[in-house]
Amino acid sequence: MTVIQNQAPGRTENCQIGAFAAYASTRGRVLVDRELYLPKSWTEDRERCRTARVPDEREFATKGELARHMVLRALASPLPITWVTADSAYGQDNRFRRLLEQSGVGYVLAVPKSQFSVGCSRIDGLFAQAPAEAWEKISCGDGAKGPRVYHWAAVRLPAVAEFDYQGEVPHRMRWALARRSISKPDEIAYYLAYAPLQVTVQELVRVAGARWAIEECFQAAKNECGLDQYEVRRYVGWYRHITLAMLAHAFLAVTANQPWEKGAEQVGQSGSSGSQWRRFGDSWQLVVPGPRT
């Protein structure tokens, strides 16, 4: 699965903004691509760009265009990709969604409440008409405090012949989804999905929840690999630092998921040094032995 996310401080200040792609699977998740966003105030000032070592061929590109470049590179790579998920900054981009449809990749993309789509004028109005029984309590994955449970509603949208059929036979379908907070029912998030015919609502919810993988990647890469610990002011320096931090994070993630080699000493087993460290998935945990019986 490819997850696209914009990383910015969320307030007005001097900063560098990057768009990132993460790859998530059952064996872990890593950052796999990055693009530095340059606003028009930069790309239209070529002298300023040359001072910062920005290549002359680098022109202005929206965040959606940067995301499309990263998705195309991911699809051209050996990575097996079934789904793409992203936040509403990318989900509302019609060209981004069309690229995924033309590539035959399923997606679950967050969109703003004012989103227009096939069969509805606004997506929030569509779900305002949903009957009470349409809302189902489903977990979209585990978080730091356990399962992340919300009320979800999903509705199938009309098909688009150009993308949803192979000849006369349908092979994809479109969905609109809404995620409502259980404790704060006024807090509702919306999604558009493009999926194989046999997909279930539970699977769409799982993919929507997988977008948090990129937040986990950011946290781990910052804490463990210094992703945000730089003071570079030039284009090449930014790419060098970010790429090396991503590589270090990927190395740690892959190493943590390597199976034990036959004959290797396994920490905590009978005959070992008696260490209280135990391996659980891709992390370690300190286990305090209880009283013997």
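Cut-offs and rules
Residues numbered from 1 in each chain as written. Predicted model: local features only at pLDDT ≥ 70, side-chain atom pairs only at ≥ 80, totals over all residues. Heavy atoms only, no water. Salt bridge = Lys/Arg side-chain N within 4 Å of Asp/Glu carboxyl O. Helix = DSSP H or I, 4+ residues; strand = E, 2+ residues; numbered from the N terminus. Buried < 20%, exposed > 50% of the residue type's maximum accessible area, 1.4 Å probe, protein only. Phe/Tyr/Trp six-rings, centres within 6.5 Å; stacked < 30°, edge-to-face > 60°. Contact = heavy atoms within 4.5 Å. pLDDT = per-residue confidence, 0-100.

Participant: A description of the pattern of salt bridges should follow, citing residues and the corresponding values.
Facilitator: Taken as a whole, this structure holds 13 salt bridges when the rule is applied. Between Glu101 and Arg174 there is a salt bridge whose closest N-O contact spans 2.9 Å. Placement of the pair is Glu101 in helix 5 (residues 94-103) and Arg174 in strand 10 (residues 172-180), with a sequence separation of 73 residues. A relative accessible area of 6% means that Arg174 is categorised as buried. Ionic contacts of the salt-bridge type, sharing partners, join the residues Asp33, Arg34, Glu35 and Arg73 into one network.

Participant: Tell me what's going on with the packing of aromatic side chains, and back it up with residues and numbers.
Facilitator: Throughout the structure, instances matching the rule amount to 10 aromatic pairs. Seen in terms of ring centroids, Tyr107 and Tyr194 are 5.6 Å apart; in terms of plane orientation they differ by 25 degrees. Their pairing is stacked. Here the residue Tyr107 occupies a position in strand 5 (residues 106-111), and Tyr194 occupies one in strand 11 (residues 188-196), the gap between them amounting to 87 residues. Comparing Tyr107 with Tyr194, the two get one shared label, buried.

Participant: Account for the side chain of His249, with residues named and values stated.
Facilitator: With respect to the element layout, His249 can be found in helix 10 (residues 235-256). Excluding its chain neighbours within four sequence positions, the residues that come into contact with His249 are Arg29, Val30, Leu31, Cys217, Ala220, Ala221 and Cys225.

Participant: I'd like a rundown of the confidence of the model for the protein chain, residues and numbers included.
Facilitator: Overall, the prediction assigns the protein chain a mean pLDDT of 83, with 82% of residues at 70 or greater. Mean pLDDT per element in the protein chain: strand 13 (residues 283-286) is the minimum at 41, and strand 5 is the maximum at 95. Note that residues 262-278 has pLDDT below 50 and, in this model, 23 contacts with residues that lie over four places away or in other chains. Of the regions scoring below 50 in pLDDT, residues 282-293 engages in 19 contacts with residues more than four places distant in sequence or in other chains.

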